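Okay, here's what each chain looks like letter by letter:
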Amino acid sequence: MKDKVILVTGAHGGLGTYVTQAFLDAGATVIGTSRKIQQSDFSSPGFTALPAEISSREGAKVLVDQIVARFGKLDVLAHTVGGFAGGPSIADTGDDVFQRMLDLNLNCVFHILRATIPALRQTGNGRIIAIGSRQAVEPAAGVGAYSASKAAMVSLIRTAALENKDAGLTANVILPGTMDTPANRKSIANADFSKWVQPATVANLIIWLAGDAGKDINGAVIPVYGSDV
Ligand SMILES: NC(=O)c1ccc[n+]([C@@H]2O[C@H](COP(=O)([O-])OP(=O)(O)OC[C@H]3O[C@@H](n4cnc5c(N)ncnc54)[C@H](OP(=O)(O)O)[C@@H]3O)[C@@H](O)[C@H]2O)c1
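Residues numbered from 1 in each chain as written. Predicted model: local features only at pLDDT ≥ 70, side-chain atom pairs only at ≥ 80, totals over all residues. Heavy atoms only, no water.

Caption draft 1: Structural view of the packing of aromatic side chains. Tallying each qualifying case throughout the model produces three aromatic pairs. On the basis of an interplanar angle of 55 degrees and a centroid distance of 4.8 Å, the ring pair of Phe 42 and Phe 47 is categorised as tilted. The exposure class of Phe 47 is buried, given its relative accessible area of 2%. Seen in terms of ring centroids, Phe 84 and Tyr 146 are 4.8 Å apart; in terms of plane orientation they differ by 70 degrees. Their pairing is edge-to-face. Taken together, the residues Phe 84 in the loop between β4 (76-79) and α3 (95-122) and Tyr 146 in helix α4 (residues 144-164) connect sequence positions 62 residues apart. Residue Phe 84 is classed as exposed on the basis of its relative accessible area of 51%. The class for Tyr 146 is buried, based on a relative accessible area of 10%. Over the ring of Tyr 225 we find Arg 134; its NZ or CZ atom is 4.2 Å from the centre of that ring. (Phe/Tyr/Trp six-rings, centres within 6.5 Å; stacked < 30°, edge-to-face > 60°. Buried < 20%, exposed > 50% of the residue type's maximum accessible area, 1.4 Å probe, protein only. Helix = DSSP H or I, 4+ residues; strand = E, 2+ residues; numbered from the N terminus. Lys NZ or Arg CZ within 6 Å of the ring centre and 35° of its normal.)

Caption draft 2: A look at unusual backbone geometry. For Asp 3, which is not glycine, the phi dihedral falls at a positive 75 degrees. With respect to the helices and strands, the residue Asp 3 is situated in the segment before β1 (5-9). Here Asp 3 falls in the exposed class, since its relative accessible area comes to 67%.

Caption draft 3: The arrangement of the environment of His 79 in detail. As for its position among the elements, His 79 is in strand β4. Residues His 79 and Arg 158, spaced 79 residues apart in sequence, show a C-alpha to C-alpha distance of 14 Å. Discounting residues that sit within four places of it in the chain, His 79 has contacts with Thr 9, Ile 54, Cys 108, Val 109, Ile 112, Ile 129, Ala 130 and Ile 131. (Contact = heavy atoms within 4.5 Å.)

Caption draft 4: The arrangement of the packing of helix α2 (residues 57-71) against α3 in detail. Remark: α2 packs on α3, axes separated minimally by 8 Å, with the N-to-C direction vectors making an angle of 25 degrees. Classed by the angle they form, the pair α2 and α3 counts as roughly parallel. Between α2 and α3 lies a crossing whose hand is right-handed. Residues Arg 57, Ala 60, Lys 61, Leu 63, Val 64 and Val 68 of α2 form the contact with α3, whose own contacting residues are His 111, Ile 112, Arg 114, Ala 115, Thr 116 and Ala 119. Its residues placed into classes, the contact of α2 with α3 shows seven nonpolar, two polar and three charged. (Axes fitted to C-alpha atoms, helices over the stretch in contact; angles between N-to-C directions. Parallel < 35°, antiparallel > 145°, perpendicular 65-115°, else oblique. Left-handed = near helix turned anticlockwise from the far one by under 90°. Nonpolar A, V, L, I, M, F, W, Y, C, P; charged D, E, K, R; others polar.)

Caption draft 5: Representation of the site of the ligand within the structure. In the vicinity of the ligand, 27 residues are found, and the nearest of them are Leu 15, Ser 34, Arg 35, Glu 53 and Asn 184. Glu 53 is positioned with one of its side-chain polar atoms (N or O) 2.7 Å from a nitrogen atom of the ligand. Between an oxygen atom of the ligand and a main-chain N or O atom of Met 179, the distance comes to 2.8 Å. Its free accessible area being 890 Å², the ligand has 85% of it covered by the protein chains. At the level of elements, α3 and α4 are the ones that each hand at least two residues to the shell around the ligand. For the shell around the ligand, the per-class residue count stands at ten nonpolar, 13 polar and four charged. (Near = heavy atom within 4 Å. Polar contact = N/O pair within 3.5 Å; in protein donor to acceptor, adjacent residues only side chain to side chain. Areas by Shrake-Rupley, 256 points an atom, 1.4 Å probe, with all protein chains shown as cover.)

Caption draft 6: Region of interest: the nonpolar core. Core analysis: the largest hydrophobic core is formed by 35 residues, its most contacted members being Leu 7, Leu 63, Ile 67, Ile 112, Ile 128 and Ile 157. Residue assignment for this core shows that the elements contributing at least two residues are β1, α2, α3, β5 (127-131), α4 and β6 (170-176). With nine residues, α3 is the largest single contributor of residues to this core. Excluding anything up to four places from it in sequence, Ile 128 contacts Leu 77, Leu 113, Ile 117, Leu 120, Ile 157, Leu 169, Thr 170, Ala 171 and Asn 172. (Core = buried A, V, L, I, M, F, W, Y, C linked by side-chain atoms within 4.5 Å.)

Caption draft 7: Layout of α4. In a regular helix each residue adds 1.5 Å, so 21 residues correspond to 30 Å; α4 covers 31 Å between its end C-alpha atoms and thus fits that length. Residues of α4 that are buried include every one of Ala 145, Tyr 146, Ser 147, Ser 149, Lys 150, Met 153, Val 154, Ile 157, Ala 160, Ala 161 and Asn 164, and no others. Contact partners of the buried residues in α4: α3, β5, β6 and β7 (221-224). (Expected span 1.5 Å × (residues − 1).)

Listed below in structure tokens is the structure:
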């Protein structure tokens with residue numbers, strides 16, 4: 001990963017922390033973004049924090065313009081921004097919840113893809129790796145807004161794969177099951193954590209897809225469900 005410039009969105013989230021650290025450990029230059037990211041979140045000299053709100057066209061564009069101006073290129077987008085809402089049936093889901101799921105899980109992907117694709121195409125072997133969810137393909141009762149937003153983002157990533165293979169740019173999406181993050185341990189305290197997906201497993205898969213070995217994997221929708229299947 002030496003000489004590679006990587007953008008990790010959601011870089012200090014439950015998964016993003018592992019992804020950012022894994023790229024730093026691999027020797028990459030890593031730009032970590034989120035609304036509240038700080039330079040002190042990672043101690044490696046390869047890390048740069050660039051706070052951004054990527055649910056708008058302008059926020060995503062300003063971020064990517066800054067990266068290209070400062071680092072000269074962008075090789076990899078690792079997109080982990082997303083969020084969950086569940087409980088009510090479709091009949092009882094409020095407009096606010098549905099809109100929040102679309103903003104977080106779909107609109108952020110659209111805006112960051114549109115902003116990054118021109119730079120990623122320039123490198124000749126760019127990579128897009130996005131995080132969906134198991135529920136994008138296996139919806140469950142009570143999570144309609146979340147499932148629909150993740151299903152739509154999977155579609156967008158597959159389209160990006162088709163539209164950019166001419167430039168050697170690949171786009172793949174990983175669908176984790178429940179991950180062993182601090183937030184999940186807090187909110188589902190009585191679960192068997194050993195059955196959950198380890199964030200490090202997903203981070204390692206992202207690193208592999210971003211490397212030379214991943215160049216022929218394009219448009220893949222990759223389940224990572226742990227042992228809780
Ligand atoms: N956790 C699970 O069990 C699980 C299972 C399946 C799939 N997933 C998916 O995996 C991904 C990572 O999950 P996670 O648990 O690591 O989530 P997380 O801890 O909530 O991290 C997501 C990060 O995204 C950032 N963010 C949110 N909105 C943003 C915006 N508009 N602009 C820029 N940054 C924004 C947040 O940081 P700021 O507040 O600083 O902006 C947050 O730290 C998500 O896509 C999630 O849907 C998670």
